[in-house]
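Descriptive analysis of the structure
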Amino acid sequence: MTSVPKAPRTAEVRVPRLIGLMAVDARESAAKHGLLLAAPDRPDFPLVVLDFVVRQYPPPDTWIPRDAVVTVWFDLGPDEGEGGAGVREPRRPGPPDGGLRQELDEPGNEVGAAL
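Rules and cut-offs
Residues numbered from 1 in each chain as written. Predicted model: local features only at pLDDT ≥ 70, side-chain atom pairs only at ≥ 80, totals over all residues. Heavy atoms only, no water. Phe/Tyr/Trp six-rings, centres within 6.5 Å; stacked < 30°, edge-to-face > 60°. Helix = DSSP H or I, 4+ residues; strand = E, 2+ residues; numbered from the N terminus. Lys NZ or Arg CZ within 6 Å of the ring centre and 35° of its normal. Buried < 20%, exposed > 50% of the residue type's maximum accessible area, 1.4 Å probe, protein only. Salt bridge = Lys/Arg side-chain N within 4 Å of Asp/Glu carboxyl O. Polar contact = N/O pair within 3.5 Å; in protein donor to acceptor, adjacent residues only side chain to side chain. Patch = residues over 30% accessible without salt bridge, like charges linked within 9 Å, V, L, I, M, F, W, Y side chains within 5 Å. Areas by Shrake-Rupley, 256 points an atom, 1.4 Å probe, with all protein chains shown as cover. Core = buried A, V, L, I, M, F, W, Y, C linked by side-chain atoms within 4.5 Å. Contact = heavy atoms within 4.5 Å.

**Overview of the packing of aromatic side chains**
- Throughout the structure, instances matching the rule amount to one aromatic pair.
- Aromatic pair Phe-45 and Phe-74: ring centres 5.8 Å apart, planes at 40 degrees, arrangement tilted. One end of the pair, Phe-45, is in the loop between strand 2 (36–38) and strand 3 (53–57); the other, Phe-74, is in strand 5 (residues 69–74), and 29 residues separate them in sequence.
- Across from the ring centre of Phe-45, 5.0 Å away, lies the NZ or CZ of Arg-27, which sits over that ring.
- One Lys or Arg, Arg-55, reaches over the ring of Trp-73 and ends 4.0 Å from the middle of that ring.

Structure representation (structure tokens):
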């Protein structure tokens, strides 16, 4: 029976790319590399499964001591405050006069309605 030699345990490890991974996968990847994870924006981090990592520190490919902590942040959902698709108010100034503005009325003004 032959065995596969294990890589030597080094004092420093390379930080994996965790951005884009679900929380459960990020924890597993960090553990494989000998690192710990912390999530300051999620006090329930040990229970988080499906949220995606959107930022990490230190950045990927950085060499840090084994058993060091990598901090990750998650995208908050629409019901959690600052998540979602961002600002949705109309942007001003609008397009210049002409083009479609000549063919279409402004929103709220029905065609043929008295002003």
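**Examining unusual backbone geometry**
- The step from Tyr-57 to Pro-58 runs through a cis peptide bond, and the omega angle for that step is 0 degrees.
- Position of Pro-58 among the secondary structure elements: in the loop between strand 3 and strand 4 (63–65).
- The backbone phi angle of Asp-61 is positive, close to 70 degrees, even though this residue is not glycine.
- The exposed category is assigned to Asp-61, whose relative accessible area is 54%.
- The phi angle at Asp-67 is positive, at roughly 70 degrees, despite the residue not being glycine.
- Inspection of the secondary structure puts Asp-67 in the loop between strand 4 and strand 5.

**Some points on the pattern of salt bridges**
- Per the stated rule, a full pass over the model turns up two salt bridges.
- Put simply, Asp-44 and Arg-42 hold a salt bridge, and the shortest N to O gap is 3.3 Å.
- Among the ionic pairs, Arg-42 bridges to Asp-51, the shortest N-O distance being 2.3 Å.
- Salt bridges here are not isolated pairs; linked through shared partners, they connect Arg-42, Asp-44 and Asp-51.

**A short note on the side chain of Gln-56**
- With respect to the helices and strands, Gln-56 occurs in strand 3.
- Owing to a relative accessible area of 7%, Gln-56 belongs among the buried residues under this scheme.
- Separated by 3.1 Å, the side chain of Gln-56 and the backbone oxygen of Pro-16 make a polar contact.
- Side-chain polar atoms of Gln-56 contact the backbone nitrogen of Leu-18, separated by 2.7 Å.

**Considering a nonpolar patch on the surface**
- Residues Val-24, Val-49 and Leu-50 make up a contiguous nonpolar surface patch of about 240 Å² in total accessible area.
- Along the polypeptide, Val-24 turns up in helix 1 (residues 23–32).
- Its relative accessible area of 33% is what places Val-24 among the partly exposed residues.

**Some words on the nonpolar core**
- Counting 17 residues, the largest nonpolar core has Leu-18, Leu-35, Leu-37, Val-70, Val-72 and Phe-74 as its most contacted members.
- In this view, Val-72 contacts Leu-18, Leu-37, Ala-38, Ala-39, Pro-40, Asp-41, Phe-45, Val-53, Arg-55 and Gln-56; residues no more than four positions away in its chain are not counted.

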